[in-house]
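Commentary on secondary and tertiary structure
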Amino acid sequence: MDLVEVLPDRLHMLRFPIGQAYLWQDDGALTLIDAGNIESAAEIEAAMRSLGLRPERLERIVLTHCHRDHIGAAGELAARWDAEVLAHRLEAPVIRGEVPVPEPVLLDWEIPLYAHGMTVPEAPPTRVDRELEDGDRLPFGDGAYVVHAPGHTDGSIAVHLPAHGVLFTGDCVAGVGQVILGVFNVDRARAIDTFHRLAALSPSVACFGHGDPLTSETAATLKAVAEATT
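Since the model is a prediction, treat every value here as computed from it, not as a measurement. (Residues numbered from 1 in each chain as written. Predicted model: local features only at pLDDT ≥ 70, side-chain atom pairs only at ≥ 80, totals over all residues. Heavy atoms only, no water.)

1. Side note on the sheet that holds strand β8 (residues 137-138)
The pairing of strands in a sheet happens through backbone hydrogen bonds and is either parallel or antiparallel. What counts is decided by this rule: We call two strands paired when DSSP finds no fewer than two bridges between them. Only DSSP runs of H or I reaching four residues or more are called helices, and only runs of E reaching two or more are called strands; each is numbered from the N terminus. In this analysis, two residues are considered to be in contact whenever any of their non-hydrogen atoms come within 4.5 Å of each other. Axis lines are fitted through C-alpha atoms, for helices just across the contact stretch, and the angle between N-to-C directions can take any value from 0 to 180 degrees.
Spatially, the five strands line up as an open sheet ordered β8-β9-β10-β11-β14, and their pairing is mixed. Only two strands of the sheet have a single neighbouring strand rather than two, namely β8 and β14 (205-208). Both strand β9 (residues 144-148) and strand β10 (residues 157-161) contribute to a ladder of four bridges, which runs antiparallel. From the neighbouring strand, V146 faces β10, where its bridge partner is V159. Contacting β9, β10 and β11 (166-170), helix α6 (residues 188-199) runs over the sheet at an angle of about 155° to β9.

Structure follows, in C-alpha cells:
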C-alpha cells in the first residue's frame, strides 16, 4: 500500500494494488472514505499510526458503493474501533449481503479490466449503521454532504466538502492516466448524468476511487471531460 498526502494534515490517499481509500482528519478525529479490500485492515491501521494518529479515533467509514475493493475491510475496522459505517439506502442491502452485487453492463474494452478487478478477494457481508440520502450532512470536514451518484451502481454516492473544495467521487469518475467516466457501470446514461452533476460542484480537489487525485485546474478539467463524454 502507498500512503500519499493530498492536503497537509488533513487528507491522505491509501492506494492498494486495486482501488484506494481516503483518510480525512479533523483535529485527530478520523474518517475513512472507503476501506480497501478484505486484506487491507492491518495496512490501514499501520498508515494511521505512521501519521502519528490514533486508530481508536476512527469515528466513521463512509462507503461510496458496494464493490469488494471499497468495502472489504470496513467491517473489521468498524468492529475493532467501534466506528460507524455509512452507505446510501439503496446500497446498504448489497453491502449487508442481503441482495447480490449488481452486474455491470460492460463495454468490450472493459471486459479484461473487469476480469482483473474480480481478482480482488470477495468482501464479506458488512453492517451498515446509517443509511444515507442525497443531501445528508455528515459531521466532518466542516460539513460534508452526500451526493447521490447513480450509474456505477444504483446507490453510489460522492461526498462533497465545500469548505475545503474537496470532492470524493467514488468510482463515478476515474483518474487513471487521464480523467474519464468511471468504468463498469450498471447504467451508463445515468453515470454520464452523474458526471455532469459532480462537475457542476466545481471542486478544487477531486479524489477518485481509482487514479491519482486531481489538484490543479480541477473544476475546468471535470467540466470539459463531462461535456465530451457520450
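2. Some thoughts on the pattern of salt bridges
Which entries qualify depends on this criterion: Salt bridges are defined by distance alone: a side-chain nitrogen of Lys or Arg within 4 Å of a carboxyl oxygen of Asp or Glu. Partly exposed describes any residue whose relative accessible area lies between the buried limit of under 20% and the exposed limit of over 50%, with all areas from a 1.4 Å probe on protein chains only and scaled to the type maximum.
Applying the stated criterion across every chain yields a total of 14 salt bridges. The shortest N-O distance in the salt bridge between E45 and R80 comes to 2.6 Å. Of this pair, E45 sits in helix α1 (residues 41-50) while R80 is found in helix α3 (residues 74-81), placing the two residues 35 residues apart along the sequence. You can call R80 partly exposed: its relative accessible area is 34%. Note that E56 and R54 form a salt bridge whose closest N and O atoms lie 3.0 Å from each other. Using a relative accessible area of 39% as the deciding quantity, one classes E56 as partly exposed. One continuous salt-bridge network, built from bridges that share partners, spans E45, R49, E76 and R80.

3. A look at the packing of α1 against α3
Here is the rule we go by: Angle categories are assigned with fixed cut-offs, so that under 35 degrees is roughly parallel, over 145 is roughly antiparallel, 65 to 115 is roughly perpendicular, and the rest are oblique. Note on residue classes: Ala, Val, Leu, Ile, Met, Phe, Trp, Tyr, Cys and Pro are nonpolar, Asp, Glu, Lys and Arg are charged, and everything else, Gly too, is polar.
The geometry of α1 relative to α3 is characterised by a closest axis approach of 9 Å and an angle of 55° between their N-to-C directions. Looking at the two axes, α1 sits oblique to α3. Residues A41, I44, E45 and R49 of α1 form the contact with α3, whose participating residues are E76, L77, R80 and W81. Of the residues contributing to the contact of α1 with α3, the split by class is four nonpolar, no polar and four charged.

4. Digging into the packing of aromatic side chains
Where we set the bar: Here the aromatic set is Phe, Tyr and Trp, taking the six-membered ring for Trp, and pairing holds for ring centres within 6.5 Å; pairs whose planes are under 30 degrees apart are stacked, those over 60 apart are edge-to-face, and all others are tilted.
Going through the model one piece at a time under the given rule, you end up with two aromatic pairs. Between Y114 and F184, the aromatic rings sit 5.2 Å apart at their centres with planes inclined by 75°, giving edge-to-face as the arrangement. Of the two residues, Y114 is situated in helix α5 (residues 111-117) and F184 in the loop between β13 (180-181) and α6; the sequence distance between them amounts to 70 residues. With a relative accessible area of 18%, Y114 lands in the buried category.

5. As for the layout of surface pockets
For clarity, the cut-off: Points on a 1 Å grid, built from protein atoms alone, make a cavity when a 1.4 Å probe fits but cannot get out and make a pocket when they are open with protein on both sides within 12 Å along at least 5 of 7 lines; residues with an atom within 4 Å of a point are the lining residues. Grid points are joined across faces, edges and corners, and a volume is the space filled by probe spheres set on the points.
Its boundaries defined by the atoms lining it, the largest pocket holds a volume of some 1000 Å³. Forming the walls of the largest pocket are 45 residues, and the residues nearest its centre are I18, D69, G117, F184 and H210. Counting only elements with at least two residues in the lining of the largest pocket, the list comes to α2 (68-71), α4 (92-95) and α5. Per-element tally for the lining of the largest pocket: the top contributor is α5, with four residues. Split into classes, the residues belonging to the lining of the largest pocket amount to 25 nonpolar, 13 polar and seven charged.

6. Description of the state of the cysteines
The condition that has to hold: In this description, the term disulfide denotes a pair of cysteine sulfurs within 2.5 Å.
With the rule as written, the count across this model stands at zero disulfides. Note on C66: no disulfide assigned, nearest cysteine sulfur contributed by C172 at a separation of 12 Å.

7. Observations regarding the packing of α6 against helix α7 (residues 218-228)
Quick reminder of the rule: Crossings are classed by handedness, with left-handed meaning an anticlockwise turn of the near helix from the far one by less than a right angle and right-handed meaning a clockwise turn.
It is at 9 Å that the axes of α6 and α7 come closest, and there the two elements cross at 155°. One finds that α6 runs roughly antiparallel with respect to α7. As α6 runs across α7, the sense of the crossing is left-handed. Contact with α6, carried on its side by F195, H196 and A199, involves L222, K223, V225, A226 and E227 of α7 and no other residues of that element. Its residues placed into classes, the contact of α6 with α7 shows five nonpolar, one polar and two charged.

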